[in-house]
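For reference, the chains in residue letters:
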Amino acid sequence: MSAIINDIEIIKAKATKINDVDFDNLKFGHVFSDHMLECNYKNGNWEKPKVVPYQPITLDPSAKIFHYGQSVFEGMKAYKDTEGKVWLFRPLDNYKRLNISAKRLAIPELPEDYFMEGLKALLEVDEDWIPQNEGSSLYIRPFIFASGNGFHASPADAYKFIICTAPSGAYFAGEVKVLIEEKYSRSANGGVGYAKAGGNYAGQFYPTQLAVEKGYQQVIWTDDNTHEYIEEAGAMNIFVRINDTLITGPTSDRILDGITRKSIIELAKSEYIPVEVRKITVTEVVEAAKNGSLKEMFGAGTAAVISPISGFGYKEVDYDLPKLDNTYASFLKKCITDIQTNKTDDPFGWRYSVK
Ligand SMILES: *Cc1c(COP(=O)(O)O)cnc(C)c1O
């Protein structure tokens, strides 16, 4: 899908909030930049996107987003290098995945230009909001939801595509202890697990709360049918290192096709790290933990890049992972963030210059 836009209307905020922000102590996704991109779908068409001041949205109480959960989103980041140049990481993959998610939720697909040119216009207007500090970035949240009205349980006739941005520090502090889930599921065959649909997250909150009450920070999702296969870590893809081999599950209806995941696979291969993309059983991981061959587990996703797991619980038993000096997790995270922030060559062509 393409549409050509030559100019994007920009309505500037009357005043900037930037002077209230402590860029040295940024949390994740807590403060929002001055502007947002807004684009409406009406009468069978996406209208031209506009950059407008960041502001509340007014919706009818019968808007279908509230009742039937038609909403999808993306998560990406913009980085500013030491020379002040602005970069994105594989943004077209986010655009494509947004449409894959939209299609599954019966949301009309968005033209590429509206996403890419809209995003670039927004980043230009809010360029000062892109942090330059080590580890910080501008988190970008594109999303589409059903703004059309009516209680009829059918797709809405109106939608909003919005991009908001939030200058952010690191997502997770420290290592996480996880619980391997034996009862609940986040996704199923034929379901929406591969889409970044808002409801997938809502469904994860309650089981995650139960895990938190037991002293864990996250849930390791297993397959809905047998709960014998390890699939994702919270809202991240999962990697397991047994001896020197890095293993991750194949993407499917149930496992989201993460951009960080596929970047890690390519990077690891290029660094001669043995990588296997195959199903991982819980039994295999528990056995490996017992015999000492389980070296690392980590989650992979845009927000945290790589989030190391320090141990896991399964059937009332806790297993600790060894504390290694040189982990794949820290090595691969550095490789990826160095590419993202223009500190190193990018042989893969992942880095995308905004200007
Ligand atoms: C977003 C997401 C990921 C990670 O995808 P990235 O493209 O790497 O950010 C993994 N799993 C789930 C369920 C997700 O929603």
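Residues numbered from 1 in each chain as written. Predicted model: local features only at pLDDT ≥ 70, side-chain atom pairs only at ≥ 80, totals over all residues. Heavy atoms only, no water.

Naming follows an unreviewed UniProt entry, where the chain appears as Branched-chain-amino-acid aminotransferase of Allotamlana fucoidanivorans. Under the UniProt heading Cofactor (unreviewed entry), the entry covering the chain gives this text: "pyridoxal 5'-phosphate". (UniProt positions renumbered as here; feature names shortened; annotations may be inferred.)

### Things to note about the pairing of strand 7 (residues 86–89)
Of the two faces of strand 7, the one lined by V86 and L88 and the one lined by W87 and F89 are each fully buried. Here strand 6 (residues 76–80) pairs with strand 7 via three bridges, running antiparallel. Counterpart to A78 in the pairing with strand 7 is L88. Hairpin connection, strand 6 to strand 7: the antiparallel pair is bridged by five residues, and G84 has positive phi, about 90°. In the sheet, strand 7 pairs with strand 19 (residues 351–353) via three bridges, with the strands oriented antiparallel. Bridge pairing in strand 19 places F89 opposite R351. (Buried < 20%, exposed > 50% of the residue type's maximum accessible area, 1.4 Å probe, protein only. Helix = DSSP H or I, 4+ residues; strand = E, 2+ residues; numbered from the N terminus. Pairing = 2+ DSSP bridges.)

### Examining the domain arrangement of the chain
How large an interface is tends to be reported as the accessible area lost when its parts come together. Partitioning the chain into structural domains gives domain 1 (9–168) and domain 2 (176–340). For domain 1 and domain 2, the distance between their C-alpha centroids amounts to 27 Å. Tallying the contact residues gives 19 residues for domain 1 and 22 residues for domain 2. In total, domain 1 and domain 2 occlude about 1,800 Å² of area from one another, counting both sides; carbon and sulfur atoms represent 60% of this. Looking only at domain 1, the three residues that lose the most surface to domain 2 are F89, R97 and R104, adding up to 35% of its buried area. One salt bridge connects K262 with D93, and the closest N-O pair in it is separated by 3.2 Å. (Domains from an automatic or database assignment. Contact = heavy atoms within 4.5 Å. Buried area = accessible area lost by both parts, 1.4 Å probe. Salt bridge = Lys/Arg side-chain N within 4 Å of Asp/Glu carboxyl O.)

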